[in-house]
Amino acid sequence: MPSSSPSTTAATTPTATATAAVFRDQAVTSPHAYDAGLLLLRLTLGLTMAAHGSQKLFGWFGGGGIDGTGQFFTMSGYPAGNTMAVVAGLTETLGGLALAVGLLTPLAGAAIVGTMVNAIAVTWGGGFFAPKGSEYELLLTAGAAALALTGPGRYAVDRFLPVLRAHRLAYGAAALLVGLVTAGAILLLRK
């Protein structure tokens, strides 16, 4: 005897309908929109960090140069202030430029994260909001970590490197681990 309940097929169940809607929406979304967004984030974050690094290394954009930045590092409890200024300046400049063009993106993002973890440690006691707080440093850290994890998108030099052409979450996670361990080691040197 046939059942009096309405028959449902896989195509008309609520789950199947929701799944079909998701696939329909994904077909409309352009993958180039994501890549353009990642490019904008990489350029903004990378060039900002490169400018900060050039302040430390060369005194450009009103920066202190190696000597002025070295004095700041010494006052902040880091040993060998001038050496730390060179390390931070090179990391920010080279990491920022690599991030901007999408070259070795997981490592570039991790380099920025490592530097910014130390910057957060220096500004931590000043509250959250700028000018004395750590909101700016936290935002740069999160953006760099996000790029390390997601990859650079299609509009990047990494697309021409066979190993990094297909970005893997594991690459970004491993790079971030290296950046955080390095940042922790530098923080241990701080008085």
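Residues numbered from 1 in each chain as written. Predicted model: local features only at pLDDT ≥ 70, side-chain atom pairs only at ≥ 80, totals over all residues. Heavy atoms only, no water.

1. Regarding a nonpolar patch on the surface
Then step 1. On the surface, Val101, Leu103, Leu104, Leu107 and Val157 cluster together to form a nonpolar patch covering roughly 380 Å² of accessible area.
Then step 2. Its place among the elements puts Leu104 in the loop between helix H4 (81–101) and helix H5 (105–123). (Patch = residues over 30% accessible without salt bridge, like charges linked within 9 Å, V, L, I, M, F, W, Y side chains within 5 Å. Areas by Shrake-Rupley, 256 points an atom, 1.4 Å probe, with all protein chains shown as cover. Salt bridge = Lys/Arg side-chain N within 4 Å of Asp/Glu carboxyl O. Helix = DSSP H or I, 4+ residues; strand = E, 2+ residues; numbered from the N terminus.)

2. Looking at the packing of helix H6 (residues 135–150) against helix H7 (residues 169–189)
Then step 1. Taken N-terminus to C-terminus, the directions of H6 and H7 make an angle of 140°; their axes are 6 Å apart at the nearest point. The orientation of H6 with respect to H7, classified from their angle, is oblique. Facing H6, whose interface residues are Ala145, Ala148 and Leu149, H7 presents Leu169, Gly172, Ala173 and Leu176.
Then step 2. Here the residues of the contact of H6 with H7 are counted per class, giving 6 nonpolar, 1 polar and no charged. (Axes fitted to C-alpha atoms, helices over the stretch in contact; angles between N-to-C directions. Parallel < 35°, antiparallel > 145°, perpendicular 65-115°, else oblique. Contact = heavy atoms within 4.5 Å. Nonpolar A, V, L, I, M, F, W, Y, C, P; charged D, E, K, R; others polar.)

3. Side note on the packing of aromatic side chains
Then step 1. Overall, the coordinates contain 5 aromatic pairs when judged by the stated rule.
Then step 2. Ring plane angle 90° and centroid distance 6.5 Å describe the contact between Trp60 and Phe61, whose orientation is recorded as edge-to-face.
Then step 3. Both rings, one in Phe72 and one in Phe73, keep their centres 6.1 Å apart while their planes meet at 70°; by these two values the pair is edge-to-face.
Then step 4. On the basis of relative accessible area, Phe73 is assigned to the buried category, the value being 12%.
Then step 5. Feature note: the residues Phe58, Trp60 and Phe61 constitute an aromatic cluster, connected by ring pairs. (Phe/Tyr/Trp six-rings, centres within 6.5 Å; stacked < 30°, edge-to-face > 60°. Buried < 20%, exposed > 50% of the residue type's maximum accessible area, 1.4 Å probe, protein only.)

4. Some points on the packing of helix H2 (residues 31–58) against H4
Then step 1. Put simply, H2 and H4 touch, their axes get as near as 7 Å, and they point 155° apart. Considered as vectors, H2 and H4 are oriented roughly antiparallel to each other. Regarding H2 and H4, the two cross each other, and that crossing is left-handed. Listed contacts from H4 to Arg42, Leu43, Leu45, Gly46, Leu47, Met49, Ala50, His52, Gly53, Ser54, Lys56 and Leu57 of H2 are Ala85, Val86, Ala88, Gly89, Leu90, Glu92, Thr93, Gly96, Leu97, Leu99, Ala100 and Val101.
Then step 2. Classifying every residue of the contact of H2 with H4 gives 14 nonpolar, 7 polar and 3 charged. (Left-handed = near helix turned anticlockwise from the far one by under 90°.)

5. Examining H6
Then step 1. Helix length check: H6 (16 residues) gives 22 Å between terminal C-alpha atoms against 22 Å at 1.5 Å per residue, within 8%.
Then step 2. When H6 is considered as a whole, its buried residues turn out to be Glu137, Leu140, Thr141, Gly143, Ala144, Ala145, Leu147 and Ala148.
Then step 3. Turning to H6, the residues buried within the fold contact H2, H4, H5 and H7.
Then step 4. The first or second residue beyond H6 is Gly151, which carries a positive phi of 95°. (Expected span 1.5 Å × (residues − 1).)

6. Comments concerning the nonpolar core
Then step 1. By size, the foremost hydrophobic cluster in this structure holds 17 residues, and its most contacted members are Leu45, Leu99, Ile112 and Leu176.
Then step 2. For this core, the elements supplying multiple residues, two or more each, are H2, H4, H5, H6 and H7.
Then step 3. Look past the residues within four positions of Leu176 in its chain and what remains in contact with it is Ala110, Val113, Ala145, Ala148 and Leu149.
Then step 4. By size, the runner-up hydrophobic cluster in this structure holds 5 residues, among which are Phe73, Tyr78, Met84 and Ala85. (Core = buried A, V, L, I, M, F, W, Y, C linked by side-chain atoms within 4.5 Å.)

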